[in-house]
Amino acid sequence: KNIPYEKMPIDRLGGAVIYAKHDGEFELALVHDVFGHWTLSKGKLHEGATTMDAEGNLDEKVETARKLKEEVDLDVEIKQELSRNEYIATHPERGKVRKQVVYYLAEATYKELVLEKTGGLDKAEWFKLHEIVNLNFYNDILPIITNAIQILHKK
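Conventions we followed
- Residues numbered from 1 in each chain as written.
- Predicted model: local features only at pLDDT ≥ 70, side-chain atom pairs only at ≥ 80, totals over all residues.
- Heavy atoms only, no water.
- Phe/Tyr/Trp six-rings, centres within 6.5 Å; stacked < 30°, edge-to-face > 60°.
- Helix = DSSP H or I, 4+ residues; strand = E, 2+ residues; numbered from the N terminus.
- Buried < 20%, exposed > 50% of the residue type's maximum accessible area, 1.4 Å probe, protein only.
- Lys NZ or Arg CZ within 6 Å of the ring centre and 35° of its normal.
- Salt bridge = Lys/Arg side-chain N within 4 Å of Asp/Glu carboxyl O.
- Core = buried A, V, L, I, M, F, W, Y, C linked by side-chain atoms within 4.5 Å.
- Contact = heavy atoms within 4.5 Å.
- Expected span 1.5 Å × (residues − 1).

*Asks:* Explain the packing of aromatic side chains to me, and be specific about the residues and the numbers.
*Replies:* According to the stated counting rule, one finds three aromatic pairs in the structure shown. Ring plane angle 35° and centroid distance 4.9 Å describe the contact between Tyr-110 and Trp-126, whose orientation is recorded as tilted. Of this pair, Tyr-110 sits in the loop between strand E6 (95–108) and strand E7 (121–128) while Trp-126 sits in strand E7, and the two are 16 residues apart along the sequence. With a relative accessible area of 30%, Tyr-110 lands in the partly exposed category. Trp-126 gets classed as buried once you look at its relative accessible area, which sits at 11%. In this structure, Lys-21 is placed above the aromatic ring of Phe-26, and the distance from its NZ or CZ to the ring centre is 4.7 Å. Residue placement shows Arg-98 over the ring face of Tyr-5; its charged tip is 4.1 Å from the ring centre.

*Asks:* Give a detailed account of the pattern of salt bridges, specifying residues and quantitative values.
*Replies:* The tally for this structure, following the rule as stated, stands at 16 salt bridges. Between Asp-11 and Lys-99 there is a salt bridge, with the nearest N and O atoms lying 3.5 Å from each other. Of this pair, Asp-11 sits in strand E1 (residues 10–22) while Lys-99 is found in strand E6, placing the two residues 88 residues apart along the sequence. Take Lys-99: its relative accessible area is 17%, and that puts it in the buried class. Several salt bridges share partner residues, and in doing so they unite Asp-11, Lys-44, Arg-94 and Lys-99 into one network.

*Asks:* Quick rundown of the environment of Gly-119? Include the residues and the values.
*Replies:* Relative to the elements of secondary structure, Gly-119 occurs in the loop between E6 and E7. A relative accessible area of 75% means that Gly-119 is categorised as exposed. C-alpha separation for the pair Gly-119 and Glu-77, spaced 42 residues apart in sequence, amounts to 26 Å.

*Asks:* Can you lay out the nonpolar core for me, pointing to particular residues and giving the numbers?
*Replies:* Ranked by internal contacts, the top residues of the largest apolar core, which has 24 residues, are Val-17, Leu-28, Leu-30, Leu-40, Ile-132, Phe-137 and Ile-145. Elements represented by at least two residues in this core include exactly E1, strand E2 (25–33), E6 and helix H2 (142–153). By residue number, the principal contributor to this core is H2, which donates six residues. Aside from chain neighbours lying at most four places away, what touches Ile-145 is Val-17, Leu-28, Leu-30, Leu-40, Ile-132 and Phe-137. Ala-20, Val-31, Leu-45 and Ile-78 belong to the second-largest nonpolar core, a separate cluster that totals 21 residues.

*Asks:* Report on unusual backbone geometry, specifying residues and quantitative values.
*Replies:* In terms of backbone geometry, most residues other than glycine have negative phi values and most peptide bonds are trans. A positive phi angle is found at Asp-23, which is not glycine, with a value near 50°. For Asp-23, the position within the fold is in the loop between E1 and E2. Positive phi, close to 55°, is recorded for Asp-73, a residue that is not glycine. For Asp-73, the position within the fold is in the loop between helix H1 (60–72) and strand E5 (76–91). Look at Asp-73 and you get partly exposed, because its relative accessible area is 24%.

*Asks:* Explain H2 to me, and be specific about the residues and the numbers.
*Replies:* In this model, H2 (12 residues) spans 16 Å end to end at C-alpha, consistent with the 16 Å of a helix rising 1.5 Å per residue. Looking at the buried side of H2, the elements it contacts are E1, E2, E5 and E6.

What follows is the structure in structure tokens.
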């Protein structure tokens, strides 16, 4: 359908650059989608949301951590916000949808990733920082990962 931008439904999501220290090096947990791209783990914030902040608004950090646990079975500690972006996706039943995503830097303990098999993802893996340069990323994800790596290099 040809829906004007301002009338498209909006999905709010939370995602993260998840890192862990392993064998003295930082590694990033990435997920691979069925379109051949490595990307960041994320999930819909309002789906089953239970945590509200003091003002009664959705606690995005807590809900993002919960969604990451569901997707890759990692307990994460949200460290800081990295970025917010928006992209348009096509849903089979709903048509064009605006996806508004808040991305965080999140720390986890290194352990095997267990991907929840959902429609769009086919694997999850850890990568050392020097290994990610040759991976196929979406253009809007690259600046987020670059920002995270710069922060990690200062640690």
